[in-house]
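Reading the structure
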Amino acid sequence: MRGAKTTTIATGFTCYVLGTVHMCGISGLIQKKPGVHPSQEQLRRMTDLAAHRGPDGFGYWSDERVAFGHRRLAIIDLSEAASQPMHALDKSTVIVFNGEIFNYLELRDELKAKGHAFRTQSDTEVILAAYAEWGEECPSHFNGMWAFALYDRQKKKLFCSLDRFGIKPFHYVINSEVFAFGSEIKQLLELVGTNRCADRDGLETFLLTGLTNYSDQTLFADVKRLPAAHNLIFDVATGTFTIIRYYDLQAANVEGMSAEALEEQFRALFTDAVRLRLRSDVPVATCLSGGLDSSIVATVASRLYRECAGASFAAVTAVSIDSENDESRYAKEIVDSAELAWHRVQSTAPHFLDSLNEVVYQQEEPFPSLSILMQYEVMKTARANGIPVLLDGQGADEAFLGYNWHVAASVLSQWHGGNVAGAGKTMFSRSWNGKGLCKRMVDVVGLVSPGLRTRVMHTIRGCGMRLRQVPLVLREWSASTRDMVEYQKNEITKTVLPALLRYEDRNSMAFAVEGRLPFLDYRMVEFALGLPLEYKLRDGWSKWIMRQSMATQLPHDIAWRRDKLGFEAPKSVWKDGVIANTAMVVRRSELLREIADVEKVARLAETNPAAAWRFHSAALWAERFNCTDVN
């Protein structure tokens, strides 16, 4: 249950924890010129633009040249004492924080033993104490997802940090007058102006490959994002800042462990990751597609929830109206085996199209697939059923090698490592996840030659794009195939996962739903990277250790399922939403006319609707955010 909304202005489920967790919207304005105070009206407008992220309260704080705003989504402890912006007990620091420190109970005990006192039950206050104890090294002690800005009033420095994988967002703008930050890009666009420029390299790469969020540059030329695993320190006295990496993803050492020990380690680590992410004082549920990842999450979470709360765990599933990509029959198996309460949503094509403009606005950057709309409906359904916290399976494919093209990447890494026999065995094994030898060979060629891959994609698109070079992200992707661990790091930090996390964050927070991702507990990711390749890809099976470790807990059809769909949008949505409307949308786009032949794009919808959608998506984005030029 939610309490009354709270306002702070200054110059359930209680199985595991009592405390405060905030999934929120944060904002900040720092004036670079001495004697100039931040505009309170501007700060309020910035904060209000994140109101959907935090409907349970708001607060502001300012001190000379620094001002913070906060929108609160209360998950545990709805009291006024836990509101933000929050001060340390000695008033030396103040913080705005979006996210959760899942191990904050353990950290609280450790910090209490070191002499720190606490007046709330919040993880926010734990961050303040951790900074007081460990300074800028404090993020290395956290297990969670976070984006925060902490102002050290004595040192006149702003300390900002983003979690290891960038689950939560932190965007910023800096010019001659101000440094400003926000959870979302839309909060900062007032500082950019009304006529906005798109980043040309980023836009061209998206149109060609579908990739976004692979660098610190957003598709808005004047807006940056703080990279995952980095801190940003802004010196208010000098108006300068530095960005420092505090975490390098490393593979865990599992040398000498038997197969049985590795399987037990997987189960133990994952169970603890889920346990930590069930800490809540409001209902928690899970997304359930019927695929392996979400089925494992639902099964483990249901067991833990039932043991502690004595009640049924809930799951939310998007049911496709297209029988070819409807996974609800698989989801039903998990619902029955794990004894879940089941919430389903099934939307028609007109319903999807009615929500399209709002999804474009919430996502803030173009997206390459209409499956984003399916995820949006899941989050909407969760909130409509009184569920403000959802577990999800993001990260499993990247950590444990679940995509079809991972077979090609592993062939190349083994070849480069001198294991020619292993490369051949992998290449010519029986069908991987239902994909045959021809598809594997195409994937290998695409990874070996980014130049050829670019030319082929450009030819297939047939859109007259005036490309200046092979996208750097494709060249880096190709180079990483020499070592499989480096390849996985590339996907986790650049090419694949960052965009998925953006989709998850924006879709969930559009409805003030908190997404929690147990596969991205950093201990799980490090363990996965340390596994020998045969524990991830074996005998035609992807994610082998996940299947083997959970085989006795999952229905056989789920544990050893080969096909992979996810929340795919129905074909009728493609037909009615892309083919029927692409020509009109792209022809009126001022932005697309600068970098492509819009007439060719209009015709592309009939032959390659998936490729045409990228242009359609970019055109809708540019129109919604008034991006009329490229830079």
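The structure displayed is predicted, hence computed values, not measured ones.

Reading the values: rules and limits
Residues numbered from 1 in each chain as written. Predicted model: local features only at pLDDT ≥ 70, side-chain atom pairs only at ≥ 80, totals over all residues. Heavy atoms only, no water. Phe/Tyr/Trp six-rings, centres within 6.5 Å; stacked < 30°, edge-to-face > 60°. Helix = DSSP H or I, 4+ residues; strand = E, 2+ residues; numbered from the N terminus. Lys NZ or Arg CZ within 6 Å of the ring centre and 35° of its normal. Salt bridge = Lys/Arg side-chain N within 4 Å of Asp/Glu carboxyl O. Buried < 20%, exposed > 50% of the residue type's maximum accessible area, 1.4 Å probe, protein only. pLDDT = per-residue confidence, 0-100. Contact = heavy atoms within 4.5 Å. Pairing = 2+ DSSP bridges. Axes fitted to C-alpha atoms, helices over the stretch in contact; angles between N-to-C directions. Parallel < 35°, antiparallel > 145°, perpendicular 65-115°, else oblique. Left-handed = near helix turned anticlockwise from the far one by under 90°. Nonpolar A, V, L, I, M, F, W, Y, C, P; charged D, E, K, R; others polar. Right-handed = clockwise from strand over helix to strand, strands pointing away. Disulfide = S-S within 2.5 Å. Core = buried A, V, L, I, M, F, W, Y, C linked by side-chain atoms within 4.5 Å.

Concerning the packing of aromatic side chains
As enumerated under the stated definition, the model contains 29 aromatic pairs in all. Aromatic side chains Tyr247 and Tyr522 sit 6.4 Å apart centroid to centroid with 80 degrees between the ring planes, which places their arrangement in the edge-to-face category. With Tyr247 in the loop between strand 16 (240-245) and helix 6 (259-277) and Tyr522 in helix 19 (residues 522-530), the pair connects residues that are 275 residues apart, well separated along the chain. Joined through ring pairs, the aromatic side chains of Trp61, Phe68, Tyr151, Phe170 and Phe181 make up one cluster. The side chain of Arg164 reaches across the aromatic face of Tyr247, ending 5.1 Å from its centre. Lying across the ring of Trp342, Arg344 places its NZ or CZ 4.3 Å from the centre.

Here we look at the pattern of salt bridges
In total, this model carries 32 salt bridges according to the counting rule given. In this structure, Arg516 engages Glu100 in a salt bridge whose closest nitrogen and oxygen atoms are separated by 3.0 Å. Of the two residues, Arg516 is situated in strand 21 (residues 514-516) and Glu100 in strand 8 (residues 93-101); the sequence distance between them amounts to 416 residues. Given a relative accessible area of 1%, Glu100 falls into the buried group. Close ionic contact of Asp563 with Arg561 constitutes a salt bridge, the shortest N to O distance being 2.7 Å. Looking at Asp563, the relative accessible area reads 34%, which means it is partly exposed. Sharing partners across several salt bridges, the network here consists of Arg53, Lys168, Glu184, Lys186, Glu364, Asp505 and Arg506.

Considering the confidence of the model for the protein
Model confidence for the protein is summarised by a mean pLDDT of 90, while 94% of its residues fall at 70 or above. Below pLDDT 50 for its whole length, residues 1-21 participates in 83 contacts with residues either more than four positions away or in separate chains.

A closer look at the pairing of strand 5 (residues 66-71)
With respect to burial, strand 5 is a largely interior element, six of its six residues being buried. What you see with strand 5 is no split at all: Val66, Phe68 and His70 on one side and Ala67, Gly69 and Arg71 on the other are buried throughout. Note: strand 3 (residues 25-31) against strand 5, six bridges, orientation antiparallel. Pairing of Gly28 across the sheet is with Phe68, part of strand 5. Here six bridges tie strand 4 (residues 57-63) to strand 5, and the two strands are oriented antiparallel to one another. Bridging across to strand 5, Tyr60 finds its partner in Gly69. The antiparallel hairpin formed by strand 4 and strand 5 contains two residues in its connecting segment, where Glu64 sits at a positive phi of about 55 degrees.

Digging into the sheet that holds strand 19 (residues 341-345)
Reading across from one edge, 19-18-17-20-21 is the order of the five strands in this open sheet, with parallel pairing throughout. The two strands at the open ends of the sheet, each matched to only one other strand, are strand 19 and strand 21. Averaged over all neighbouring strand pairs, the angle between strand axes comes to 30 degrees, with direction disregarded. Relative to strand 20 (residues 389-391), strand 17 (residues 284-287) is paired through three bridges, and the arrangement is parallel. Opposite Val284, over in strand 20, you have Val389 as the bridge partner.

Observations regarding the packing of helix 2 (residues 104-113) against helix 3 (residues 123-134)
Think of two packed helices as two axes; the pair is described by the angle between the axes and how far apart they sit. Helix 3 packs onto helix 2 with a crossing angle of 45 degrees between their chain directions and a minimal axis gap of 10 Å. Overall, the two elements helix 2 and helix 3 adopt an arrangement that is oblique. Crossing of helix 2 against helix 3: the hand is left-handed. Here helix 2 contributes Tyr104, Leu107, Arg108, Glu110 and Leu111 to the contact with helix 3, which in turn contributes Asp123, Val126, Ala129, Ala130, Glu133 and Trp134. Grouping the constituent residues of the contact of helix 2 with helix 3 by class yields seven nonpolar, no polar and four charged.

Regarding the pairing of strand 18 (residues 314-318)
Most of strand 18 is tucked away, with five of its five residues classed as buried. Burial along strand 18 is two-sided: the face carrying Ala314, Val316 and Ala318 and the face carrying Ala315 and Thr317 are both buried. As defined by bridge partners, strand 17 adjoins strand 18 across three bridges and the pair is classed as parallel. Counted as the bridge partner of Thr286 is Ala315 from strand 18. A crossover links strand 17 with its parallel partner strand 18, the connecting element being helix 7 (residues 292-309), and its sense is right-handed. For the crossover from strand 18 across helix 8 (residues 328-338) to strand 19, the handedness is right-handed.

Side note on the state of the cysteines
By definition, a disulfide links the sulfur atoms of two cysteine residues through a covalent bond. Applying the stated rule across the entire model yields zero disulfides. Its sulfur unpaired, Cys138 is 12 Å from the next cysteine sulfur, which belongs to Cys160. Its relative accessible area of 0% is what places Cys138 among the buried residues.

A closer look at the side chain of Arg277
Its location among the elements puts Arg277 in helix 6. Setting aside residues up to four positions removed in sequence, Arg277 forms contacts with Phe102, Asn143, Leu391, Arg516, Leu517, Pro518, Leu520 and Asp521.

What about the nonpolar core?
Counting 75 residues, the largest nonpolar core has Leu203, Leu207, Leu390, Phe615 and Trp621 as its most contacted members. With nine residues, helix 26 (residues 609-624) is the single largest residue contributor to this core. Residues within four places of Trp621 in sequence aside, it is in contact with Ala198, Leu219, Phe220, Val360, Glu364, Glu365, Pro366, Leu591 and Cys627. Leu73, Leu262, Val282 and Ala331 belong to the second largest nonpolar core, which has 51 residues in total.

Points about the environment of Asp597
Within the secondary structure, Asp597 sits in the loop between helix 24 (590-595) and helix 25 (598-607). Taking C-alpha positions, Asp597 is 9.6 Å from Val586, a pair spaced eleven residues apart along the chain.

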